[in-house]
Amino acid sequence: MFDFLEGYDLLGAFWVTVQLTLLSAVGSLVWGTVLTAMRVGPVPLLRGFATGYVNVVRNIPLTVIILFTSLGLSQTLGVSLGAHDFDTINFRLAVLGLIAYTSAFVCEALRSGINTVPVGQAEAARAIGLSFTQVLSLVVLPQAFRAVVGPLTNVLIALTKNTTVAAAIGVAEAATLMKKMIENEAQLILISAVFAFGFVCLTLPTGMVLGWVGKKVAVKR
Amino acid sequence: MSSVLYDAQGPRAKQRNILLTGVFLVAAAAVLWWVYASLSDKGQLDWEKWKPFFSGTEAWTTYILPGLKNTLIAAALSMLIALPLGAVLGIARLSDHRWVRVPVGAVVEFFRAIPVLILMIFGLALYSEYSSVSSDDRPLYAVVTGLVLYNASVLAEIVRAGILSLPKGQTEAAHAIGLRKTQTMVSILLPQAVTAMLPAIVSQLVVVVKDTALGGAVLTFPELLASANTMSGYYGANTIASFTVVAVIFVALNFSLTTFAGWLEKRLRNRKKSSGAVLSADDASLQGAAGTTV
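Reading guide: rules and limits
- Along every chain, residues carry numbers that run from 1 in the direction the sequence is written.
- Chains carry letters from A onward and ligands carry numbers from 1 onward, assigned in written order.
- Selection of residues for local features in this predicted model requires a pLDDT of at least 70, selection of side-chain atom pairs for listing and counting requires 80 or more, and totals for whole chains, interfaces and linings are taken over all residues.
- The basis for every side-chain value is the complete set of non-hydrogen atoms in the structure, without hydrogens or water.
- For Phe, Tyr and Trp, where Trp contributes only its six-membered ring, two rings pair if their centres lie within 6.5 Å, and the inter-plane angle classes them as stacked under 30 degrees, edge-to-face over 60, or tilted in between.
- Numbered from the N terminus, helices here are DSSP runs of H or I no shorter than four residues, and strands are runs of E no shorter than two.
- Buried residues are those whose accessible area, probed at 1.4 Å on protein chains only, stays under 20% of the maximum for their type, while exposed residues exceed 50% and partly exposed ones sit between those limits.
- Using a grid of 1 Å spacing that covers the protein atoms alone, one calls a set of points a cavity when a 1.4 Å probe fits there but cannot get out, and a pocket when the set is open and has protein on both sides within 12 Å along at least five of seven lines; lining residues are those with an atom within 4 Å of a point.
- Grid points are joined across faces, edges and corners, and a volume is the space filled by probe spheres set on the points.
- Residue classes follow a fixed rule: Ala, Val, Leu, Ile, Met, Phe, Trp, Tyr, Cys and Pro count as nonpolar, while Asp, Glu, Lys and Arg count as charged, and any other residue, Gly among them, counts as polar.
- UniProt positions are given in the numbering used here, feature names are shortened, and annotations may be inferred rather than shown by experiment.
- Note on definitions: a residue-residue contact is assigned when non-hydrogen atoms from the two residues lie within 4.5 Å.
- One speaks of a salt bridge when a side-chain nitrogen belonging to Lys or Arg is within 4 Å of a carboxyl oxygen belonging to Asp or Glu.
- A 3.5 Å cut-off defines polar contacts: any pair of N or O atoms within that distance qualifies, except that in protein one atom must be a possible hydrogen donor and the other a possible acceptor, and neighbouring residues in sequence count only when both atoms are side-chain atoms.
- Grouping into patches uses exposed residues only, defined as over 30% relative accessible area, and leaves out salt-bridged ones; the cut-off is 9 Å for like charges and 5 Å for nonpolar side chains (Val, Leu, Ile, Met, Phe, Trp, Tyr).
- The accessible surface values rely on the Shrake-Rupley method and a 1.4 Å probe; as for residues, cover is taken only from the protein chains in view.
- pLDDT expresses, on a scale from 0 to 100, how confident the predictor is about each individual residue.
- Fitting a line to C-alpha atoms yields each axis, with helices limited to the stretch in contact; the angle taken between N-to-C directions then spans 0 to 180 degrees.
- Reported orientations rely on four angle classes, namely roughly parallel under 35 degrees, roughly antiparallel over 145, roughly perpendicular from 65 to 115, and oblique for the rest.
- Crossing handedness follows the turn of the near helix against the far one: under a right angle anticlockwise gives a left-handed crossing, and clockwise gives a right-handed one.
- We call a set of buried Ala, Val, Leu, Ile, Met, Phe, Trp, Tyr and Cys residues a nonpolar core when their side-chain atoms join them within 4.5 Å.

S.K.: Hey, could you run me through the packing of aromatic side chains in this one?
M.R.: The geometry of two aromatic rings is summed up by the distance between their centres and the angle between their planes. Throughout the structure, instances matching the rule amount to 14 aromatic pairs over all chains. Aromatic pair Trp-31 of chain A and Tyr-53 of chain A: ring centres 5.8 Å apart, planes at 80 degrees, arrangement edge-to-face. Within this pair, whereas Trp-31 of chain A is found in helix 1 (residues 10–40), its partner Tyr-53 of chain A is found in helix 2 (residues 44–58), the two being separated by 22 residues in sequence. When the centroid spacing of 6.2 Å and the interplanar angle of 15 degrees are considered together, the rings of Trp-47 of chain B and Phe-54 of chain B count as stacked. For the pair shown, Trp-47 of chain B and Phe-54 of chain B are each scored as exposed. A network of ring pairs unites the aromatic residues Trp-31, Phe-49 and Tyr-53 of chain A together with Phe-24 of chain B as a single cluster.

Structure follows, in structure tokens:
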């Protein structure tokens, strides 16, 4: 029944999906946190930049961003991100595009998390003489992170699904393989079921595990 | 000071801010200079490349506007079909009968867990194998199918959250005056839930508009992004110019939708003092509508 799978590297394709997800997740968490810090910080110019970035990037389709990294950045401007062969370049470009896009949503989630931290916490931290950086990194952000595990999980699940957009620039991940297999094999329903199952396996456990973690670490107020 | 995170600034903090601003400006200037230099190096800043968009209407009438029209058609169709479907699924998920609630819950969770692109690719193959839809129409059908399946299940969660957010007294009062379950739902709960959900629904439209671009990149659906591609081919590889114009249009379109949703939410929150439930997109996603940010 499943002999149509032979000759295709199904696990390899899903492994690329997982790699895209994990690398972009780490990258957008870092960049998203930096954006959040800029957005709530005391320097007007940085605040304006971060606000503008989030509002613009959130409203551009991810497909446009990913396609632009390939056609605009790579083919027109010659950016290769330190890679030499075509596949590696496209993979790295896809990660770059995913980070640029997802970090805007991470920033939004974190900012809403900062709002859940009681004002008194920040006031007390200022009262004992902590600087802005210390208030943010020692008192506010740790509590904010614990409050936004849930929303960040949603962002991570969305990111997992968004990695399929890399198919637009030919990264050999799950959606690309699915398209190829449907063209070559006459097993539409079975092939789709296999790929649907693969994504359910990736996203449902993420939601469940992190949902449990979120409840566990949430600050009880 | 507007923020509780930092104090009114003294001389040292002010100095540090000026320093940070300076460093940021220098870094930004360096990046901009690099972009400018490499763009003009590749001839992407030549007037030739940008002329089609600013002088004459040919680029707009042949490429951009038809593409934008297709984007809007696909988004509107998807939303119009997904809304009633989502309402039905959302209500069914709240059913008292286990045999309705559980399967519908499984369907909703399933379609939310799968990427829209996978659904679109499936739809395209499905229409070419099992239907008589002409090959010109297939991409539109596939895009709408994918968007409907995904967004109906997200909307189902929004509807469910909307109904659950209503005070319990509403249902109890309806039962007390002798309304049946269907009557309670149709004439008491749903109208209030719809008002509460409006901002979340408008925000979901942004997601739909953005996702139509997938059809252009992968399924040869001639929408706005796809027209950028053909356009840059026609006007001598003005990739940067074409992409910039298309991105600006997307941002303008979605930003106005986002702003409208925010305005609506504020207005409804102010108006509805009595039952008080208004859902924003964030509320909906906090209540477990995973992936509202796709």
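S.K.: So what exactly am I meant to see when it comes to the layout of surface pockets here?
M.R.: Vacant regions in the atomic arrangement are exposed by a probe of water-molecule size rolled over the atoms. The volume enclosed by the largest pocket comes to roughly 1200 Å³. Considering the residues around the largest pocket, the lining is formed by 29 residues, among which Tyr-53, Phe-68 and Leu-73 of chain A together with Val-31 and Val-35 of chain B are closest to the centre. The residue inventory of the lining of the largest pocket, partitioned by class, reads 25 nonpolar, 4 polar and no charged.

S.K.: Can you help me understand the UniProt feature "domain: ABC transmembrane type-1" (unreviewed entry) in chain A in this one?
M.R.: According to UniProt, the "domain: ABC transmembrane type-1" (unreviewed entry) feature falls on residues 14–210 of chain A. The span residues 14–210 of chain A carries 82% helix and 0% strand; its end-to-end C-alpha distance comes to 21 Å.

S.K.: What am I meant to see in the side chain of Ser-242 of chain B here?
M.R.: Residues and elements named next belong to chain B. If you trace the backbone, Ser-242 turns up in helix 10 (residues 239–271). Its relative accessible area of 0% is what places Ser-242 among the buried residues. Setting aside chain neighbours within four positions, we find Ser-242 in contact with Phe-53, Ala-228, Met-231 and Ser-232.

S.K.: Is there a simple way to explain the interface of chain A and chain B in this structure?
M.R.: In many reports, interface size means the accessible area that the parts give up when they come together. Residue-level contacts link 55 residues of chain A with 54 residues of chain B. The tally of links from chain A across to chain B stands at 1 salt bridge. Asp-7 of chain B is the partner of Arg-126 of chain A in a salt bridge, and the nearest nitrogen-oxygen pair spans 2.6 Å. Across the contact surface, chain A and chain B share 10 residue pairs in polar contact (both at pLDDT 80 or more). Looking at the side of chain A that touches chain B, the elements that each hand over two or more residues are helix 2, helix 3 (62–76), helix 4 (86–116), helix 5 (119–127), helix 6 (132–147), helix 7 (149–162), helix 8 (174–184) and helix 9 (188–217) of chain A. Within the side of chain A that touches chain B, the residues separate by chemical class into 39 nonpolar, 11 polar and 5 charged.

S.K.: What's the story with the UniProt feature "transmembrane region" (unreviewed entry) in chain B in this structure? I'm lost.
M.R.: Residues annotated in UniProt with the feature "transmembrane region" (unreviewed entry) correspond here to residues 18–36, 72–92, 104–127, 139–159, 188–209 and 240–264 of chain B. What you have in residues 104–127 of chain B is 92% helix and 0% strand, and the ends, taken at the C-alpha atoms, are 25 Å apart.

S.K.: Quick question: what am I supposed to make of the UniProt feature "domain: ABC transmembrane type-1" (unreviewed entry) in chain B here?
M.R.: Under the feature "domain: ABC transmembrane type-1" (unreviewed entry), the UniProt entry names residues 68–261 of chain B. Secondary structure content for residues 68–261 of chain B is 85% helix and 0% strand, while the C-alpha to C-alpha distance between its ends is 21 Å.

S.K.: Explain the pattern of salt bridges to me, please; I cannot follow it from the model alone.
M.R.: A side chain of one charge can pair with a side chain of the opposite charge when the charged atoms of the two come close. Residue and element names in this part refer to chain B. This model, assessed by the stated rule, comprises 10 salt bridges over all chains. Glu-109 is the partner of Arg-93 in a salt bridge, and the nearest nitrogen-oxygen pair spans 3.3 Å. In this pair, Arg-93 is assigned in helix 3 (residues 58–93) and Glu-109 in helix 4 (residues 98–113), connecting sequence segments 16 residues apart. In this structure, Glu-157 engages Arg-160 in a salt bridge whose closest nitrogen and oxygen atoms are separated by 3.3 Å. Taken as a pair, Glu-157 and Arg-160 lie in helix 6 (residues 138–164) at a separation of 3 residues, close to a single helical turn. A single salt-bridge network, built from bridges that share partners, covers Arg-93, Glu-109, Arg-112, Glu-157 and Arg-160.

S.K.: Can you walk me through a nonpolar patch on the surface in this structure?
M.R.: Residue and element names in this part refer to chain B. A cluster of nonpolar side chains, contributed by Ile-73, Leu-77, Leu-80 and Ile-81, occupies part of the molecular surface with about 350 Å² of accessible area. With respect to the helices, strands and loops of the structure, Ile-81 is situated in helix 3. We classify Ile-81 as partly exposed; its relative accessible area is 42%.

S.K.: Looking at this structure, how should I read the confidence of the model for chain B?
M.R.: Any segment with low pLDDT has predicted coordinates that should not be analysed in fine detail. Residues and elements named next belong to chain B. Averaged over chain B, the pLDDT score is 86; the fraction of residues at 70 or greater is 92%. When the criterion is pLDDT under 50, residues 284–294 qualifies, and its contacts beyond four places in sequence or with other chains add up to 37 contacts. On the interface metric, ipTM, the complex scores 0.89, and its pTM is 0.89.

S.K.: For this particular structure, what's the right way to read the packing of helix 3 of chain A against helix 4 of chain A?
M.R.: Two measures define how a pair of helices packs: the angle their axes make with one another and the distance between the axes. Residues and elements named next belong to chain A. With their axes 9 Å apart at the nearest point, helix 3 and helix 4 run at an angle of 135 degrees to one another. One finds that helix 3 runs oblique with respect to helix 4. For the crossing formed where helix 3 meets helix 4, the hand is right-handed. Two secondary-structure elements touch here, helix 3 through Leu-62, Ile-65, Ile-66, Thr-69, Ser-70, Leu-73 and Ser-74 and helix 4 through Ile-89, Asn-90, Leu-93, Ala-94, Leu-96, Gly-97, Leu-98 and Tyr-101. Partitioned by chemical class, the residues of the contact of helix 3 with helix 4 number 10 nonpolar, 5 polar and no charged.

S.K.: Just to check I follow, could you spell out the nonpolar core for this structure?
M.R.: Taken as a class, soluble globular proteins show a tendency for nonpolar side chains to be buried jointly. Counting 148 residues, the largest nonpolar core has Leu-20, Leu-136, Val-140, Val-171 and Phe-195 of chain A together with Leu-5 of chain B as the members making the most contacts within it. Examining the composition of this core, we find that 15 residues originate from one element, helix 4 of chain A, more than from any other. Contacts of Val-171 of chain A, omitting those with residues within four sequence positions, involve Val-16, Leu-20, Asn-90, Phe-91, Ala-94, Ala-166 and Thr-176 of chain A. If you look at the next biggest cluster of nonpolar residues, it comprises 5 residues, including Leu-73, Leu-77 and Val-79 of chain A together with Leu-39 of chain B.

S.K.: Any chance you could explain the UniProt feature "transmembrane region" (unreviewed entry) in chain A here in plain terms?
M.R.: In this structure's numbering, the residues bearing the UniProt feature "transmembrane region" (unreviewed entry) are residues 12–35, 56–77, 89–107 and 188–213 of chain A. Spanning residues 89–107 of chain A, this segment combines 100% helix with 0% strand, and its end C-alpha atoms are found 27 Å apart.

S.K.: Hey, could you run me through the environment of Ile-81 of chain B in this one?
M.R.: Here the alpha-carbon distance between Ile-81 of chain B and Val-245 of chain B, two residues 164 residues apart in the chain, equals 30 Å. If we skip the residues at most four places from it in the chain, Ile-81 of chain B touches Val-144 and Val-148 of chain B.

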